Structure formats: structure tokens, C-alpha cells
Amino acid sequence: MADCVEALLVLVLLCRNEMEEMGRLYYQLYSRYMLNSKLLYNPKHQRRFRFRRRKKNFRVSRQSFDYICNQVSGVMGRRDTNYRLCIPNKKRVAIALWKLATGGEYRTISHLFGVGQSTVCLCVQDFCWATMEVLLPLHITFPDVEKLVEMATFFNRRWRAPQCVGAIDGSHIPILAPRDYPLGQNKMTISGCDVGHYLIGDPSYPMQRWLMKPFSDTGRLTPEQHTYNYRLSSARSVVEMAFGRRKGRWRCLLKRNDCELELSKIMTVTCCVLHNICEEHSDNFTDDCHELVYDQPALHPLPDNGRQEGADVRSALMDYFNMGDH
């Protein structure tokens, strides 16, 4: 009798182990089927999800896409379990890029990729945090002295603006309103004035020795002031084009971001990093990216009242711009 009971217990244990193994095999096969069918097919058209057919929605080339995936894989990577295969890292990155590039709703993207809305939200958050941790230090850094000299040389050759190392501008990105949310040593002598590296801004910025702005046009500008304004506006166009290309690629910046404030800021920085990656990899900027309507708030220029900091630098640059050989 004891032998029969022992044999029965052994049989039960064997059956249980076999059932568990069959269960693991079933879930693995089911998950693999879902990944190879529902997740990789467009539910509407039943076509295989191919990267080249969706390039205009990802806004990155295949080279840039692979680079991004490799960089964030250590932070975003997931492992398969006994009962479920994880969503591949490339697919998680693709979901996040689609959201950032199109500004589509979570529900729409979840249907497109065959995943839940919460999964889409999690992929976007994980990707943005991974970008902040891994890609941001690589692609957005403050230039060193050598880079500042290189940038100053570029602006001088391109727009005849000596010592200028960049332009500054504002770009309106709509978000949900929060509640109760509280340059270089190298100098050049120009027209008798020591001019260091500076940025160029529009009239709404306060003028500083490191930030030049045009004269306020009150209808009484001198020809020299008009020439100065023209030179500055020509050089400042580079930042306007940069903002236009960034918003053209990442359409989520055109719509109001209804995420929490902290995530909205991270998504914006992520788009800046992705923009730099696209530019560094010479990704094509397609024509449909230009067909945008910008809803920018009106600017309120600061009047030129009294003696301003940097007035001597602006006067020296005005004299330089009006010299015959420049």
C-alpha cells in the first residue's frame, strides 16, 4: 500500500512538472506568435511592419535608429520570463519615437503597434529617461575653448559677425499649465573695444556683453543701425531654422503636451537630443516637414532705455559692420 501511495505521489509530481513545462512552452509560443503577427503587423492593412515604410513617421534614418537603440539598450533592455517574451528593445524605441515624431494619442499608437496604452506610456517614459541618462551627455554639451573658436570662425566667415558663437531664441511649446510652480575668455579688439564671444538674440532679450540684440526700430534708425540690424538678423536665422527643423521632425512639440510637467520637460529635451543625432548623422529633412503652422506667442521687445550693459560692444560691432571691406 505504501509503495502504491509513493508511486502515486511521484506520478503527481511528474504530471505537475510536465504541466508547468507545458504552460511555460504555451506562453512562450503564444507570446512569440503575438510578436510575429499582431505586434509586427499593421492591424488595419495586415502588412508587415517595415522600418523603411515608416521612416517619415520615425524622423530618423535606419543608421540613426540603430545607433539610438544600441546606446539605450543597457538602460531600456528587458529580459524574457518563463511565461512571457518581453517586447524587443527596438520595438520599444520605435514606439517612443513614433509618439515623439507624430504627437499621436496613446490609444492610436497602441492599436498601431498592438500593445496596451499603458505599455506605450511606459515605453515613452523609459526612452526619455534613458535619453537623459545616456544620450544627453553625448550630444548636448557646453563647447570648450577650441569649439568656441571654431564656432566664432564659422559665424565670421558665413555672416561676417566676428566673435559670435551662436544665436538664442525662444520656441513656444504648449503644455498643461502647472499649479504654483515657482561665455569665453578669448577676446578680439574691434573698433577699439575688447569683444568676447557672444550670442545673438531678438529684441525681446535684455542686452548683455555676451548677448547682442538689434536696435529697436522706431522709424528713426540711422543707416548704420539698419546695417547692424540686418547683419544680426541674417546670422540669427540659424537658430530659427534649427527650431523649425526640430519641430518639423518631432511633431509632439507642436501640440499641447498633456503629460505631467516633469515628463513634458524631459520629452522636450529628448527631442533636442534626437534632433542633434539626426543632424550629426545627416538624416534627410523631408519636404513634408516644412508644411507646418507655428502658433508662436507675440514677442514684446524690450525698449532701449538709457545706458545698457554691452552698449559699447554693440557700438563697436556696428562700426565694424559698416566698414567698407566687411
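Below, the structure is looked at part by part. What you see is a predicted model, and the numbers here were worked out from it, not measured in a lab.

Let us now look at helix H6 (residues 117–139). Each turn of an α-helix holds 3.6 residues, which means side chains three or four residues apart point in the same direction. Where H6 bends most, the angle comes to about 40°, and this point is methionine 132. When we look at burial in H6, the residues that qualify are Val120, Cys123, Val124, Asp126, Phe127, Cys128, Ala130, Thr131, Val134, Leu135 and His139. Looking at the buried residues of H6, the elements they touch are helix H3 (62–76), helix H4 (89–102), helix H5 (106–113) and helix H9 (261–280).

Val93, Leu97, Leu100, Phe113, Phe127 and Trp250 are the most contacted members of the largest nonpolar core, which has 40 residues in total. For this core, the secondary-structure elements that each account for two or more residues are H3, H4, H5, H6 and H9. Residues lining this core come from more than one domain, with at least three contributed by each of domain 1 (54–139) and domain 2 (142–255 + 307–322). Ranked by size, the runner-up nonpolar core spans 23 residues in total, among them Tyr198, Ile200, Leu317 and Met318.

Looking now at the packing of helix H8 (residues 223–249) against H9. In the contact formed by H8 and H9, the axes pass within 10 Å of each other and the chain directions differ by 105°. Classed by the angle they form, the pair H8 and H9 counts as roughly perpendicular. Contacts between H8 and H9 involve Ala242, Arg245, Arg246 and Arg249 on the former and, on the latter, Cys271, Cys272, His275, Cys278 and Glu279. Tallied by class, the residues present in the contact of H8 with H9 amount to four nonpolar, one polar and four charged.

Rules behind the numbers
- Residues numbered from 1 in each chain as written.
- Predicted model: local features only at pLDDT ≥ 70, side-chain atom pairs only at ≥ 80, totals over all residues.
- Heavy atoms only, no water.
- Bend = angle between axes of the 7 residues up to and from the residue.
- Helix = DSSP H or I, 4+ residues; strand = E, 2+ residues; numbered from the N terminus.
- Buried < 20%, exposed > 50% of the residue type's maximum accessible area, 1.4 Å probe, protein only.
- Contact = heavy atoms within 4.5 Å.
- Core = buried A, V, L, I, M, F, W, Y, C linked by side-chain atoms within 4.5 Å.
- Domains from an automatic or database assignment.
- Axes fitted to C-alpha atoms, helices over the stretch in contact; angles between N-to-C directions.
- Parallel < 35°, antiparallel > 145°, perpendicular 65-115°, else oblique.
- Nonpolar A, V, L, I, M, F, W, Y, C, P; charged D, E, K, R; others polar.

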